[in-house]
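In case you want the letters, here they are:
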Amino acid sequence: MATRIERDALGERELPAEVYWGLQTLRAQENFPISGITEPPVIIEAYVLLKKAAAQANTELGLIPEPIGRAIMQAADEILQGSLRDQFPTDIFHQGAGTSFHMNVNEVLANRAIEILGGRKGDYTIVHPNDHVNFGQSTNDTFPTAMRIAARLALRNLFPALDALTDAFAQKGREFDHVLKSGRTHLQDAVPIRLGQEFAAYAATLRKCRRVLEFAAEAVEELGIGGSAVGTGLNTHPKYRFRVVELLRVWTGLPFRPADDLREAMQSQMPIQLVGSALRTLALELTRIVNDLRLLASGPLTGFAEITLPAVQPGSSIMPGKVNPSIPEMANMVCFQAIGNATTIDYAVQAGQLELNVMMPVMAYNAVYTIQIMTNMMRQLDERCVRGIVANEEKCRWYAETSPSLATALNPYVGYATAAEVFKQALREGRSIVDIVRERNLLTEEQIREVFDPYKMTEPNLGD
């Protein structure tokens, strides 16, 4: 195998001649064989996009030679279009602050730019990873910037999935609006509710979750590029950071903006914590909702069986014909993972010290990974579960009409104590509330029709 020699402050090493990464990436592979997981595509794309913007800004400002800047931009474009994706082998658990992956990106861009200019990989007299690709930059300002870009790009896919799922619940709310059922509190019979009201409430919750996510998305749109090593902007042009952000805004169509305080943008990674927290909120609410779906669909004979979920695959290796709520079960597991990932982000974000938080690699991975799995989960939950739910109307109505909790509707007419006696008798004798009311002559037939009207029992019903 052909090799090339590269040198750094620690000495010389042989590398395979054909690879685009360099010596720092080799050392990272040797030092950090931890998870076998490499950076997700969206993080690669975000970092390369940032490097392209930096190269263009520095070229326009006359800080690096135009041929070199153009070659770096061309290399970046090739990677953004899908080339060289196998040249980023750095494990997600690597050197603090993200230096290993940052240099991996610098080396790949430099070596491809060298080729574009007619040279051979490793000849850094033509294009240098530090002096050219990384001009005016540091891991300390590029990694948090790329991390925020990656999170925002990933959220662009999550919002449509969340909107579609919200719409699916809202549609079921309308479809099931006429279906009367027994409400339940403490997992005990409660006053009636319409099945559509339950589903409409799920949609309302998801709309609130979206607003929380929108706030987090706005937070990561603030970029601290230009801070260089400690947020002071050493070795950068005064116009550089503004031009980089402007280019990113144009290229992505997202409203990125320069940070007001570059020191704060380097010290605090609160925007990533807000993303993790918003995702955790969504996960907590979604796992509650899918738990409801599993409970409402339990059965078919020994559970609630008020709704039927689409059958997507056989549910048992031993029990013939058994079908499980497979999609909601998957959703639960994804939500549990998201909650755990958010806790990892929390611990990483609070671990910053003075001018820098060196725990950025783990928070970056957990943020974009969580967005990815939540996005994919919501698509499947929408398309393969919620939109195919069918109401078992007869079962719902039977529960509503036979539940002793209907006695609650009697309170304004006969008082709490008498209503409680009716409840106990109905439960003891296995009879309906209406039968007991008739037997005791507590209400006229007209009053019975009025009191136990399904819609009146599921809306405010006193006064004018």
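Further up the page is the structure itself.
Since we're looking at a predicted model, the values are computed, not measured.

**Overview of the pairing of strand β4 (residues 188-194)**
Okay, step 1: In this structure, strand β3 (residues 180-185) lies alongside β4, joined through six bridges in antiparallel fashion. Each bridged residue has a counterpart across the sheet, and for glycine 183 the counterpart in β4 is alanine 190.
Okay, step 2: The antiparallel pairing of β3 with β4 creates a hairpin that spans two residues between the two strands, and histidine 186 there sits at a positive phi of about 60 degrees.

**What to know about the nonpolar core**
Okay, step 1: Of all hydrophobic cores here, the largest spans 117 residues; its most connected members are Phe169 and Leu286.
Okay, step 2: Per-element tally for this core: the top contributor is helix α6 (residues 139-175), with 17 residues.
Okay, step 3: If near-sequence neighbours (up to four positions away) are discounted, phenylalanine 169 is found in contact with Phe199, Ala200, Tyr202, Ala203, Leu206, Ile289, Leu293 and Val386.
Okay, step 4: The next biggest cluster of nonpolar side chains, apart from the first, holds 16 residues, and it includes Ala407, Leu443, Val451 and Met457.

**As for the packing of helix α2 (residues 41-60) against helix α4 (residues 99-116)**
Okay, step 1: It is at 11 Å that the axes of α2 and α4 come closest, and there the two elements cross at 60 degrees. As the angle between them shows, α2 and α4 are arranged oblique. For the element pair α2 and α4, the recorded crossing hand is right-handed. On α4, the residues touching Ile43, Ile44, Tyr47, Val48 and Lys51 of α2 are Phe101, His102, Val105, Asn106 and Leu109.
Okay, step 2: In the contact of α2 with α4, the residues fall into seven nonpolar, two polar and one charged.

**Some thoughts on unusual backbone geometry**
Okay, step 1: The peptide bond linking glycine 299 to proline 300 adopts the cis configuration, its omega dihedral lying at 10 degrees.
Okay, step 2: Inspection of the secondary structure puts proline 300 in the loop between α10 (270-296) and β7 (307-308).
Okay, step 3: One non-glycine residue, leucine 84, adopts positive backbone phi at about 60 degrees.
Okay, step 4: The phi torsion at asparagine 441 lies on the positive side, around 55 degrees, for a residue other than glycine.
Okay, step 5: Position of asparagine 441 relative to the elements: it lies in the loop between α16 (433-439) and α17 (445-451).
Okay, step 6: Taking the relative accessible area as the measure of exposure, asparagine 441 reaches 65% and is therefore exposed.

Rules and cut-offs
- Along each chain, the written sequence defines residue order, and numbers are assigned to residues from 1.
- Local features in a predicted model are, by the rule used here, given only for residues with pLDDT of at least 70; side-chain atom pairs are given and counted only at 80 or more, and totals for whole chains, interfaces and linings are based on all residues.
- Based on all heavy atoms of the structure, the side-chain values leave hydrogens and waters out of the count.
- Here the rule is simple: two strands pair whenever DSSP picks up at least two bridges between them.
- By the criteria applied, helices consist of DSSP H or I runs no shorter than four residues and strands consist of E runs no shorter than two, each listed in order from the N terminus.
- Note on terminology: a nonpolar core comprises buried Ala, Val, Leu, Ile, Met, Phe, Trp, Tyr and Cys residues joined through side-chain atoms within 4.5 Å.
- Each residue is assigned to one of three classes by its accessible area relative to the maximum for its type, calculated with a 1.4 Å probe on protein chains only: buried under 20%, partly exposed between the two thresholds, exposed over 50%.
- Whether two residues are in contact is decided by their heavy atoms, any of which lying within 4.5 Å being enough.
- Throughout, an axis means a line fitted to C-alpha atoms (over the contacting stretch in the case of helices), and angles, computed between N-to-C directions, take values from 0 to 180 degrees.
- In these notes the angle categories are as follows: under 35 degrees is roughly parallel, over 145 is roughly antiparallel, 65 to 115 is roughly perpendicular, and the rest is oblique.
- Each crossing gets its handedness from the near helix: less than a right angle anticlockwise from the far helix is left-handed, clockwise is right-handed.
- Think of it as three bins: nonpolar holds Ala, Val, Leu, Ile, Met, Phe, Trp, Tyr, Cys and Pro, charged holds Asp, Glu, Lys and Arg, and polar takes everything else, Gly as well.

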